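Summary of structural features
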Amino acid sequence: MIEWIANPLRDPSFEAHDDGAPVRFHRALPGYEPTPLVDSPELAAEWNVGRVLLKFERERFGLPAFKFLGVSWAAQRLLGDLPHDDGLELVAATDGNHGRAVARVARMAGLGATILVPAGTAQARIDAIASEGATVHVVDGSYDDAVRLSAELADDGRLVLSDTSWPGYEEVPGWVIEGYATIFHEVDEQAGGPVDVVFVPIGVGALAAAAARHLAGSAGLAGIEPVAAACVLASARAGEITEVPGPHGSIMAGLNAGLPSLVAWPLVSGGFDVFCAAEDELAVEGTRRLHALGIEGGECSGGAAGAAAALLADQGAREALGAGPDSAVLVLLTEGVTDPEAFSRIVTGR
């Protein structure tokens, strides 16, 4: 149910290098609250480690995922000196959470938003994006096809705010990565001590890049992807960015990306220790286990928990991550429930 590799591109000289500007920005926004860091002695006992900490991104500024952190910081950098007139739009491709955050920021700034989603996107996620006032277009193709189409829409009246990057479009996704640093600065304050091993879900790699910028060298980092969209694992094996063709049909919808972000890749490939590809069964198991602990998280959160359990049951993976019976383990649970019907089917088995 899981495949993993020790990262052959790990750079031992890689140094963490983020700063506190994004967290200061977020703390000044109305409605800011740090997300919970849940200490789970039950999982620590099951996983044979000293401590398990679950950073649960169940809500950020009223949205059920962490994405607003990167989007709001990038939008502030992107829009700071621009007039906000009725003709300007923000454009993004998404599997759900990033697009809703872009739509929310656009609404707050008095701008329009056009959000592109891949075929097969859950109706609940489409409806949530539309509820922010955005126009939603379903693309006949994968998430990566939606990304390519979003790039083609860019013009003087449309600004692309993407969390992935490609040649010639790197500055804005770099700002998104910077914005995610807030998560890790919060963990520093909440954990009461250093963390030793960290499990991070990977889609295009923006969140993983933020993790590397904050934690590489001080903690073992493991990236988690769906088997059908394990583009970072494939790229690590190839020694260069490699696309995994779609369709990508994992229930871990936010991770269904076939191509790593150009700007995230050097950070992720240089800073992570392990990459793994998880079957959807692990996401189901993880979602159910979290639910039993009173945590209602989406499928990406369940995938992170399920993959962490599987990797920590593997002695080779434990050694590659430096995990031992006294280790403090951090798992990033990146979303709350974004598709209630799917969540109900998973936890009830019906």
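Note: the structure precedes this text.
Here the structure is a predicted model, which means the values were calculated and not measured. (Residues numbered from 1 in each chain as written. Predicted model: local features only at pLDDT ≥ 70, side-chain atom pairs only at ≥ 80, totals over all residues. Heavy atoms only, no water.)

Some points on the pairing of strand 3 (residues 51-56)
- In terms of burial, strand 3 is largely enclosed, as five of its six residues are buried.
- Here three bridges tie strand 2 (residues 37-39) to strand 3, and the two strands are oriented antiparallel to one another. Note that in strand 3 the partner of Val38 across the bridge is Leu54.
- Alignment of strand 3 against strand 11 (residues 328-333), held across six bridges, turns out to be parallel. By the bridge assignment, Arg51 is partnered in strand 11 with Ala328. (Buried < 20%, exposed > 50% of the residue type's maximum accessible area, 1.4 Å probe, protein only. Helix = DSSP H or I, 4+ residues; strand = E, 2+ residues; numbered from the N terminus. Pairing = 2+ DSSP bridges.)

Observations concerning the sheet that holds strand 10 (residues 274-278)
- Spatially, seven strands are ordered 1-10-9-8-11-3-2 in an open sheet, and the strand pairing comes out mixed. Looking at strand neighbours, the two that pair on one side only are strand 1 (2-6) and strand 2, the edges of this open sheet. Each strand of the sheet is rotated relative to its neighbour by a mean of 20°, with strand direction disregarded.
- Note: strand 8 (residues 197-201) against strand 9 (residues 220-226), five bridges, orientation parallel. (Axes fitted to C-alpha atoms, helices over the stretch in contact; angles between N-to-C directions.)

Observations regarding helix 9 (residues 206-215)
- Judged by how many residues are buried, helix 9 sits mostly within the fold: 10 of 10 residues are covered.
- Buried residues of helix 9: Ala206, Leu207, Ala208, Ala209, Ala210, Ala211, Ala212, Arg213, His214 and Leu215, and no others.
- For helix 9, the secondary structure elements touched by its buried residues are helix 7 (171-179), helix 8 (181-191), strand 8, strand 9, helix 11 (265-271) and strand 11. (Contact = heavy atoms within 4.5 Å.)

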